[in-house]
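# Per-entry structural report
Chain by chain, the residues run as shown.
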Amino acid sequence: EEVAKALTNRALCYLKLQRWKEAERDCTDALARDPRSSKARLRRARARNELGRFAGAKEDAACVFELAPDDTQAAAELDRAVAALEKAAEREREKEAEAAAARASEASAEATS
């Protein structure tokens, strides 16, 4: 458990240095040693949000938020991950709509020629 605490503390240092990958790695290692560590899970959520790994960030933040619904940091990381996932889904829907419109336009052009 002491190793897990040390890794979690080092992850905080990495977060402050914006070394997101190292922070995520240390938190993952800390959670392997102490799966109940909400600090490690929350710090990993932050690192994952910064790395663009929003699904993992959402999962981590939701886990902390479920245990501590008054935790404002967990709520913020969860909101950030959910918003990013929704934005990515919207972009994907727009791409699909554009592709469908292009196919329909091509089909229409071929039908009139």
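What comes next is a walk through the structure. Numbering of residues begins from 1 in every chain and follows the order in which that chain's sequence is written. For a predicted model such as this one, the threshold for reporting local features is a pLDDT of at least 70, and the threshold for listing and counting side-chain atom pairs is 80 or more; totals across whole chains, interfaces and linings nevertheless cover every residue. In computing side-chain properties, one takes all heavy atoms of the structure into account and sets aside hydrogens as well as water.

## Regarding helix α1 (residues 2-16)
Strands are runs of DSSP state E lasting at least 2 residues, helices are runs of H or I lasting at least 4, and numbering of each runs from the N terminus. By this rule, a helix spans an expected 1.5 Å times one less than how many residues it contains. The end-to-end C-alpha distance of α1, which contains 15 residues, comes to 21 Å, matching closely the 21 Å that a straight helix rising 1.5 Å per residue would cover. Only protein chains enter the area calculation, which uses a 1.4 Å probe; residues under 20% of their type maximum are buried, those over 50% are exposed, and those in between are partly exposed. Taken residue by residue, α1 has Ala4, Leu7, Thr8, Ala11, Tyr14 and Leu15 as its buried positions. Around the axis of α1, the buried residues are gathered within 115° of arc, so they sit on the same side. Facing away from the buried side of α1, by more than 90 degrees, are the exposed residues Glu2 and Lys16. Next to the buried residues of α1 lie α2 (20-33) and α3 (38-51). Residue Gln18 follows α1 closely and has a positive phi angle near 60°. Along the arc lie the directions from the helix axis toward the C-beta atoms. Residues are treated as being in contact if the distance between any of their heavy atoms lies within 4.5 Å.

## Some thoughts on the side chain of Asn49
The residue Asn49 is located in helix α3 in this model. Counting of polar contacts relies on pairs of N or O atoms within 3.5 Å, with two restrictions inside protein: one atom must be capable of donating a hydrogen and the other of accepting it, and residues adjacent in sequence are counted only when both atoms are side-chain atoms. Here the side chain of Asn49 touches Glu77 through a polar contact of 2.6 Å, side chain to side chain.

## With respect to the nonpolar core
Here, nonpolar core refers to any group of buried Ala, Val, Leu, Ile, Met, Phe, Trp, Tyr and Cys residues whose side-chain atoms link them within 4.5 Å. In this structure, Ala11, Tyr14, Leu15, Trp20, Ala23, Cys27 and Ala47 together form the largest nonpolar core, which totals 7 residues. At the level of secondary structure, the elements contributing two or more residues to this core comprise α1 and α2. Apart from the residues lying within four places of it in its own chain, the contact partners of Ala11 are Ala23, Asp26 and Cys27. By size, the runner-up hydrophobic cluster in this structure holds 5 residues, among which are Leu7, Ala30, Leu31 and Ala40.

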